[in-house]
Amino acid sequence: MSIPADLKYTQSHEWVRLEADGNVSVGITHHAQELLGDMVFLENPTVGRQLAAGEECAVVESVKAASDVYSPIAGEVVAGNDDLEGAPEAINQDPYAAWMFRLKPANAADLDALMDAAAYAAHVEAEAH
Amino acid sequence: MLKHTPLNGKHHEANAKLVDFSGWEMPIHYGSQIEEHHIVRTDAGMFDVSHMLPVDIKGDGARAFLRALIANNIDKLQTTGRALYTCMLHEGGGVVDDLIVYFMSESWFRLVVNAGCADKDLAWMEAQREKLAPRLNITPRRDLAMIAIQGPDAAGKLWAAMPGTRELAETMKPFHAVVVGEMFIARTGYTGEDGFEVMVPNKAAPFFWQALLEAGVKPCGLGARDTLRLEAGMNLYGQDMDEGVTPFDSGLAWTVDMGGERDFIGKDALLRLPRNRQLVGLKLLDRGVLRAHQSVFTAQGEGEITSGSFSPTLNGSIALARVPVGVNLGDTVEVDVRGKRMKAAVVKYPFVRNGKALV
């Protein structure tokens, strides 16, 4: 299973990367894309939107099903990945490069509350049973 | 405990993603559902459809029995091997199942019914047999596996995999079947492409599958089967029709023969019931994906999507929807897609046939 050690994770299968400028990138994990199958559509939150932690804010749709994406932490949306909207299959090909949107965290310390790779691996394992 | 087809081991070997489909452990895809879809449109793919049940009806009076049992007219079948698509109705006109029936001789017809309906179909047919034709034999053929080989290159690759099938099957017209040794080869399918549905004894199935693999036929899962059949405008039982609706509500009027003196189960109800609903094709004009059960808003009233998906061939979203009579081709309707009203065009279906987009 592919779970990079340098990222943070949520129970709802988003990954979070802290960028050099203090913003965070958000995408869905390898495990999530594998469950959903071939991606065909995604809808990002609008730039400027204020999100609460755990707020439903984006949608990914595969051939099979639609799935909500939740904001991992509180913050303001500072960018959406327009390229990805035109080529959602990139989520299947390289889920950790395929960032969906970027947030400016309301509180940088909130990241510490997210799961690390080991905890996320255990979470995926637990969900399988 | 999920049931396994004789090809279950081959699916595990190929690393298929397996799911519960009507109580059977079946492959949904072997990697990419969209790639599998395109392979069937452009080359040749194969599907394990052994969960479906062949049922043999044998004995004197088989034709007369089917004349009453099914809504299409069995008398359309006059040449050996010819196949017919039909619904089987209950007295209220609702659809018990849809099926294909093959005419092999006056004392042998073969039906193929849906996996999810197999038990109730057998019980239903058995009850009708007792009333109408107590001396007939109705035999479920769980000893047979079925592989669908579909796509423009299906014929060539089937001959390559099974030398000896060529002479007999090469001249076979669409919607015909022929028996070659232990194989039952039908030129039928559920994809809108040329292709075959081949029944073989369970024990032979893995060897046949392997031969097809070596001839370059790519395994495809039920995911691709669903997008292919939707593009081809073919109904799926349990989604586009069930016991609560009639064939007329479901775009299947063409499969019902109301003419003449022939009586069949459900005919009275079909004559009596109002025809106020129809099945139409939809093409989404906005960005998103249409899904089953989404509400459709038309000038004539509300309807509902029965099947909806992303169409890999059209690179957009399409659907079948049950809407009030009066909605016409070319109309623009609205669909509630996850809380948003999106626009869709009412279009003629099939959406795709023989690799070509029609809408």
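Residues numbered from 1 in each chain as written. Chains lettered and ligands numbered in written order. Predicted model: local features only at pLDDT ≥ 70, side-chain atom pairs only at ≥ 80, totals over all residues.

### A short note on the overall build of chain A
- A count of helical and extended segments in chain A gives four helices and nine strands.
- Listing every helix and strand of chain A by position from the N terminus yields β-β-β-α-β-β-β-β-β-α-α-β-α.
- Taking 14 Å as the expected radius of gyration for a compact globule of 129 residues, we find that chain A reaches 14 Å, a close match to that expectation.
- Principal-axis analysis of the C-alpha atoms places the extent of chain A at approximately 35 × 35 × 25 Å.
- Looking at chain A as a whole, 40% of its 129 residues are labelled buried.
- Excluding contacts between residues fewer than 6 apart, the proportion of contacts in chain A whose partners are at least 24 apart in sequence is 64%. (Helix = DSSP H or I, 4+ residues; strand = E, 2+ residues; numbered from the N terminus. Rg over C-alpha atoms; globule rule 2.2 N^0.38 Å. Buried ≥ 20, exposed ≤ 12 C-beta atoms within 10 Å, placed from the backbone. Contact = placed C-beta atoms within 7 Å.)

### What about the overall build of chain B?
- Secondary structure assignment for chain B yields nine helices and 21 strands.
- In summary, chain B has a C-alpha radius of gyration of 20 Å against a globular reference of 21 Å for 359 residues, a match within 12%.
- Sorting the 359 residues of chain B into buried and exposed places 48% on the buried side.
- Within chain B, contacts between residues at least 6 apart in sequence are counted, and of these 67% link residues at least 24 apart.

### Regarding the sheet that holds strand S13 (residues 218-219) of chain B
Residue and element names in this part refer to chain B.
- Taken in spatial order, the six strands make up an open sheet running S10-S11-S12-S9-S3-S13, and their pairing is mixed. The open sheet terminates on both sides in strands that have one partner only, identified here as strand S10 (177-180) and S13.
- Pairing geometry for strand S3 (residues 45-48) and strand S9 (residues 144-150), over four bridges, is antiparallel. Following the sheet pairing, Phe47 is matched in S9 by Ala148. (Pairing = 2+ DSSP bridges.)

### What to know about helix H5 (residues 154-161) of chain B
- Buried residues of H5 of chain B: Ala154, Ala155, Lys157, Leu158 and Ala161 of chain B, and no others.
- Lining the buried residues of H5 of chain B we find S9, strand S12 (195-201) and helix H7 (205-214) of chain B.

### A closer look at the interface of chain A and chain B
- Contact with chain A, which involves nine residues of that partner, is made by 13 residues of chain B.
- Going through the elements one at a time, strand S4 (39-43) and strand S6 (56-62) of chain A are the ones with two or more residues in the side of chain A that touches chain B.
- Residue composition of the side of chain A that touches chain B, by class: five nonpolar, one polar and three charged. (Nonpolar A, V, L, I, M, F, W, Y, C, P; charged D, E, K, R; others polar.)

### A few points about the domain arrangement of chain B
Residues and elements named next belong to chain B.
- Assigned domains of chain B: these are domain 1 (1-236) and domain 2 (276-357).
- For domain 1 and domain 2, the distance between their C-alpha centres works out to 28 Å.
- Of all the secondary structure elements, the ones that give two or more residues to the side of domain 1 that touches domain 2 are helix H2 (33-42) and helix H8 (222-231).
- Per-element tally for the side of domain 1 that touches domain 2: the top contributor is H2, with five residues.
- For the side of domain 1 that touches domain 2, the per-class residue count stands at five nonpolar, six polar and four charged. (Domains from an automatic or database assignment.)

### Here we look at the environment of Trp24 of chain B
Residue and element names in this part refer to chain B.
- Structurally, Trp24 can be placed in strand S2 (residues 24-29).
- Judged by the 20 C-beta atoms lying within 10 Å of it, Trp24 falls in the buried class.
- Beyond its immediate chain neighbours, meaning those up to four positions away, Trp24 contacts Leu2, Lys3, Thr5, His51 and Ala115.

### Section: the sheet that holds strand S15 (residues 295-298) of chain B
All names here are of chain B.
- Sheet architecture is closed into a barrel: six strands sit in the order S14-S17-S16-S15-S18-S19, paired in antiparallel fashion. Within this sheet the neighbouring strands show an average axis-to-axis angle of 40 degrees, counted without direction.
- Contacts between H8 and the sheet are confined to strand S16 (301-311) and strand S17 (316-324), with S16 contributing the most and set at about 125 degrees to the helix. (Axes fitted to C-alpha atoms, helices over the stretch in contact; angles between N-to-C directions.)

### With respect to the packing of helix H3 (residues 62-69) of chain B against helix H4 (residues 118-132) of chain B
Residues and elements named next belong to chain B.
- In the contact formed by H3 and H4, the axes pass within 11 Å of each other and the chain directions differ by 120 degrees. Here H4 runs oblique to H3, going by the angle between their axes. Of the two elements, H3 crosses H4, and the hand of that crossing is right-handed. Contacts from Phe65, Ala68 and Leu69 of H3 reach H4 at Met125, Gln128, Arg129 and Leu132.
- For the contact of H3 with H4, the class distribution of residues is five nonpolar, one polar and one charged. (Parallel < 35°, antiparallel > 145°, perpendicular 65-115°, else oblique. Left-handed = near helix turned anticlockwise from the far one by under 90°.)

### Quick word on the packing of H2 of chain B against H8 of chain B
Residues and elements named next belong to chain B.
- Running from amino to carboxyl end, H2 crosses H8 at an angle of 55 degrees, the nearest separation of the two axes being 8 Å. Here H2 lies oblique to H8, going by the angle between them. Regarding H2 and H8, the two cross each other, and that crossing is right-handed. On the side of H2, the interface is formed by Gln33, Glu36, His37 and Val40, while H8 contributes Gly223, Ala224, Thr227 and Leu228.
- A class-by-class count of the residues in the contact of H2 with H8 yields three nonpolar, four polar and one charged.

### Points about the environment of Ser71 of chain A
Residue and element names in this part refer to chain A.
- Take Ser71: it is sitting in the loop between strand S7 (66-70) and strand S8 (75-80).
- The spatial distance from the C-alpha of Ser71 to the C-alpha of Leu103 is 8.9 Å, given a sequence separation of 32 residues.
- The contact partners of Ser71, leaving out residues within four places of it in the chain, are Leu51, Ala52, Ala53, Gly54, Glu55, Cys57 and Leu103.

### Examining the pairing of strand S2 (residues 14-18) of chain A
All names here are of chain A.
- The sheet contact formed by strand S1 (residues 8-9) and S2 spans two bridges and is antiparallel. Within the sheet, the bridge partner assigned to Tyr9 lies in S2 and is Trp15.
- Connecting S1 to the antiparallel partner S2 that follows it, the hairpin turn spans four residues, and His13 within it adopts a positive phi of roughly 75 degrees.
- Two strands pair when backbone bridges link them, and S2 and strand S3 (residues 24-28) are joined in this way by five bridges, in the antiparallel orientation. From the neighbouring strand, Val16 faces S3, where its bridge partner is Val26.
- The hairpin turn running from S2 into S3, its antiparallel successor, is five residues long, and Gly22 in that turn takes a positive phi close to 90 degrees.

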